[in-house]
Amino acid sequence: MTETTHQQQGAGTRSPEYRLAQNALRGLRQDLFQDPFAYRPLPPRSTDGPFVRRLPGRLRTAMRHLPHAVVGAVALLALAVGALSSGLPGGDVPALLSGVLCALPVLATLVRPVGAFWLSLAATPVVAILYGNGLEWPWMPGAFLSHLTVLVVVALRTRPRTAAWMWALTAAYAFLSDVFFGGSYYYANSGPMMVTSAFALLLVSLWHVRHTAQQEVTAQQTVTAQERSRRTLLEERTTIARELHDVVAHHMSVVAIQAEAAPYRVENPPEELERAFATIRENAVAALTELRRILGVVRAEDYEAPDAPQPTLADLDALLVNVRGAGPAVEKVVTGAVRELPQGVELSAYRIVQEALSNSLRHAPGASARVEIGYVLGGLGVRVVNGPMPAPSLVKPSPGAGHGITGMRERVAMLNGEMTAGPTEDGGYEVAVFLPVAVVNEGDA
């Protein structure tokens, strides 16, 4: 344990230069030595550019393969330069082989970019040996064109770090070639190769930096647009909430005040009338409380719900008493073993019953209703059915916008449940819902 601790402390106290070199070597291994001959085909060119969009359809489609055509043309040029500049008398086969070795790395950049660099580096001395006239070293004309093209294409297809490593390895090859084998040659072109390739790779790296910056700016603009849209939506929601509060809350407050003051305007009011007005006031106050809570959610995204408990199926009796106070007879039937369910299921079931009874009061005032709660093994069944509206009715049904049924379906869909709603044969209406609840085995507890 002590030896391990000393090793960890020694690793943590290494110099920044050592860590920098270690990271650099790790980058070299990842860029050029880790699966260098992996199959990475060059993708087609995008046709969304401002110039390409103006081209005719057939030509615009052909422009997708423009990079492939350019690489193929350069490979053909490297083949011609490598074969025709060899100057070997009567050496057609060596000249052709020299041209092929110059063209093959260029073509390999289309499918195996990193492998094309190693192939070009390996083909360079072979072409020089085949050339054999002692005039240039280490890059013959065809190999010079081939290696420079490979460096540029691979740098375009990878990243600036890979381009830097390729240039460094090319410089190392040029140095070793000049030191050990360049003495017998008339002209060494390592300097022109390093200067030309450095300039070309610098331009490619600048293009990469600019392209990356453009992508980041585009992504930032997208995020900014989304944030702006989100802020606009929140402002609209706040405006709607303010207007809704000014209109609805005012009228509900007036209803509550008038319901509280109404019994005092009548001399010796009946007890039933006082209870009716008391019920109206309680409903108005409850609606105001619920309205303020919902408007708080609409007004602010970071709104925190109050600590008051949400209603559950245990509160159904109070809800039914409230509904019975409005006149209709409501019956509740519970089947199965009553058990505690998840809070989301309890709340959704309560809201569904509440909305179904509200629809019954609105569309069929005076009609009797029946609420059935079924506790089954796989979940909870809820059924609310109301009969037809009585024939002589003093209260007329009020039309609705259908948001109640939509809200119930959204709650059921959120819990992956099933729901059916529609008229019954006797002229009433039925809402049937099944909310699944995962069964917890005793062994899993």
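Keep in mind the model is a prediction, meaning the values are calculated, not measured.

Asker: Just checking my understanding: could you explain the overall build of the protein for this structure?
Answerer: Across its full length, the protein holds 13 helices and seven strands. Relative to its full complement of 445 residues, the protein shows a buried share of 30%. Of all intrachain contacts in the protein linking residues separated by at least 6 positions in sequence, the fraction that spans at least 24 positions is 71%. A total of about 27400 Å² of accessible surface is found on the protein, and carbon and sulfur atoms cover 61% of it.

Asker: I would appreciate a short explanation of the pairing of strand β5 (residues 379–386) in the present structure.
Answerer: Along any regular strand the residues' side chains alternate between the sheet's two faces. In terms of residue burial, β5 counts as a mostly covered element, since seven of its eight residues are buried. As paired elements, strand β4 (residues 369–376) and β5 share eight bridges and run antiparallel to each other. Along β5, the bridge assignment pairs V371 with V384. The hairpin turn running from β4 into β5, its antiparallel successor, is two residues long. As paired elements, β5 and strand β7 (residues 429–436) share eight bridges and run antiparallel to each other. Following the sheet pairing, L380 is matched in β7 by L435.

Asker: Would you take a moment to explain the confidence of the model for the protein for this structure?
Answerer: Low pLDDT marks stretches whose predicted atomic positions should not be read closely. In the predicted model, the protein carries a mean pLDDT of 81, and the fraction of residues at 70 or more is 80%. Predicted confidence is poor over residues 1–11, with pLDDT under 50, and the contacts of this stretch with residues over four places away or in other chains come to zero contacts.

Asker: Can you help me understand the packing of helix α4 (residues 66–84) against helix α5 (residues 92–108) in this one?
Answerer: For any two helices packed against each other, the geometry comes down to the angle between their axes and how far apart the axes lie. The geometry of α4 relative to α5 is characterised by a closest axis approach of 7 Å and an angle of 155° between their N-to-C directions. The angle between α4 and α5 falls in the class roughly antiparallel. Viewed along their axes, α4 and α5 form a crossing whose handedness is right-handed. Facing α4, whose interface residues are V71, G72, V74, A75, A78, L79, G82 and A83, α5 presents A95, S98, G99, V100, C102, A103, V106 and L107.

Asker: Quick question: what am I supposed to make of a nonpolar patch on the surface here?
Answerer: The grouping of F175, L176, V179, F180 and F181 at the surface amounts to a nonpolar patch, some 580 Å² of accessible area in total. Relative to the assigned elements, L176 resides in helix α8 (residues 160–181).

Asker: I would appreciate a short explanation of the sheet that holds strand β3 (residues 330–335) in the present structure.
Answerer: Working definition: the strands of a sheet are paired by backbone hydrogen bonds and lie parallel or antiparallel to each other. Judged by pairing direction, the sheet is mixed, and its five strands sit side by side in the order β3-β4-β5-β7-β6 without closing on themselves. Looking at the sheet topology across the chains shown, the edges are occupied by β3 and β6 (418–423). Neighbour to neighbour, the strand axes of the sheet diverge by 10° on average, direction disregarded. Direction of pairing for β6 relative to β7: antiparallel, over a ladder of six bridges. Counterpart to T420 in the pairing with β7 is A432.

Asker: Would you explain α5 in this entry?
Answerer: The periodicity of an α-helix, 3.6 residues per turn, causes residues three or four places apart in sequence to face the same way. Taking 1.5 Å of rise per residue, 17 residues should cover 24 Å, and α5 covers 24 Å from first to last C-alpha, within 8% of that figure. Considered for burial, the residues of α5 that qualify are A95, S98, G99, C102, A103, P105, V106 and A108.

Asker: Sorry, what's going on with the pattern of salt bridges here?
Answerer: Opposite charge on two side chains permits pairing when their charged atoms draw close. With the rule as written, the count across this model stands at seven salt bridges. As a salt-bridge pair, D31 and R161 come within 2.7 Å of each other at their nearest N and O atoms. Of the two residues, D31 is situated in helix α2 (residues 16–33) and R161 in helix α8; the sequence distance between them amounts to 130 residues. R161 sits in the partly exposed class, given a relative accessible area of 33%.

Asker: What is the right way to look at the packing of aromatic side chains in this model?
Answerer: Think of a pair of aromatic rings as described by two things: how far the centres are apart, and how the planes are tilted against each other in angle. A full pass over the atoms with the stated rule returns three aromatic pairs. Measuring from ring centre to ring centre gives 5.2 Å for F33 and W118, while their planes differ by 55°; the resulting arrangement is tilted. Residue F33 is located in helix α2, and its partner W118 is located in helix α6 (residues 113–131); the two are separated by 85 residues in the primary sequence. Considering the side-chain rings of W139 and Y173, the 5.6 Å spacing of their centres and the 75° angle between planes classify their relative orientation as edge-to-face. Here W139 is found in the loop between β1 (136–137) and α7 (141–157), whereas its partner Y173 is found in helix α8, with 34 residues between them in sequence.

Asker: What exactly am I supposed to notice about the environment of V74 here?
Answerer: Along the chain, V74 falls in helix α4. Sequence-distant contacts of V74, that is, excluding residues within four places in its chain, are made with V106 and T149.

Asker: I keep staring at the pairing of β3 and nothing clicks. Help me out?
Answerer: In the sheet, β3 pairs with β4 via six bridges, with the strands oriented parallel. By the bridge assignment for β4, E331 is matched with R370. Where the polypeptide runs from β3 across helix α12 (residues 343–363) and back to β4, its parallel neighbour, the crossover connection is left-handed.

Asker: I keep staring at the nonpolar core and nothing clicks. Help me out?
Answerer: The tendency in soluble globular proteins is for nonpolar side chains to be buried as a group. L32, F117, W139, V150, A155 and M166 are the most contacted members of the largest nonpolar core, which has 35 residues in total. Listing elements by their share of this core, those giving two or more residues are α2, α4, α5, α6, α7, α8 and α9 (190–261). Contacts of L32, omitting those with residues within four sequence positions, involve V114, F117, W118, T162, W165, M166 and L169. Listed in part, the 30 residues of the second largest apolar core include V323, V345, I352 and M408.

Conventions we followed
Residues numbered from 1 in each chain as written. Predicted model: local features only at pLDDT ≥ 70, side-chain atom pairs only at ≥ 80, totals over all residues. Heavy atoms only, no water. Helix = DSSP H or I, 4+ residues; strand = E, 2+ residues; numbered from the N terminus. Buried < 20%, exposed > 50% of the residue type's maximum accessible area, 1.4 Å probe, protein only. Contact = heavy atoms within 4.5 Å. Areas by Shrake-Rupley, 256 points an atom, 1.4 Å probe, with all protein chains shown as cover. Pairing = 2+ DSSP bridges. pLDDT = per-residue confidence, 0-100. Axes fitted to C-alpha atoms, helices over the stretch in contact; angles between N-to-C directions. Parallel < 35°, antiparallel > 145°, perpendicular 65-115°, else oblique. Left-handed = near helix turned anticlockwise from the far one by under 90°. Patch = residues over 30% accessible without salt bridge, like charges linked within 9 Å, V, L, I, M, F, W, Y side chains within 5 Å. Salt bridge = Lys/Arg side-chain N within 4 Å of Asp/Glu carboxyl O. Expected span 1.5 Å × (residues − 1). Phe/Tyr/Trp six-rings, centres within 6.5 Å; stacked < 30°, edge-to-face > 60°. Right-handed = clockwise from strand over helix to strand, strands pointing away. Core = buried A, V, L, I, M, F, W, Y, C linked by side-chain atoms within 4.5 Å.

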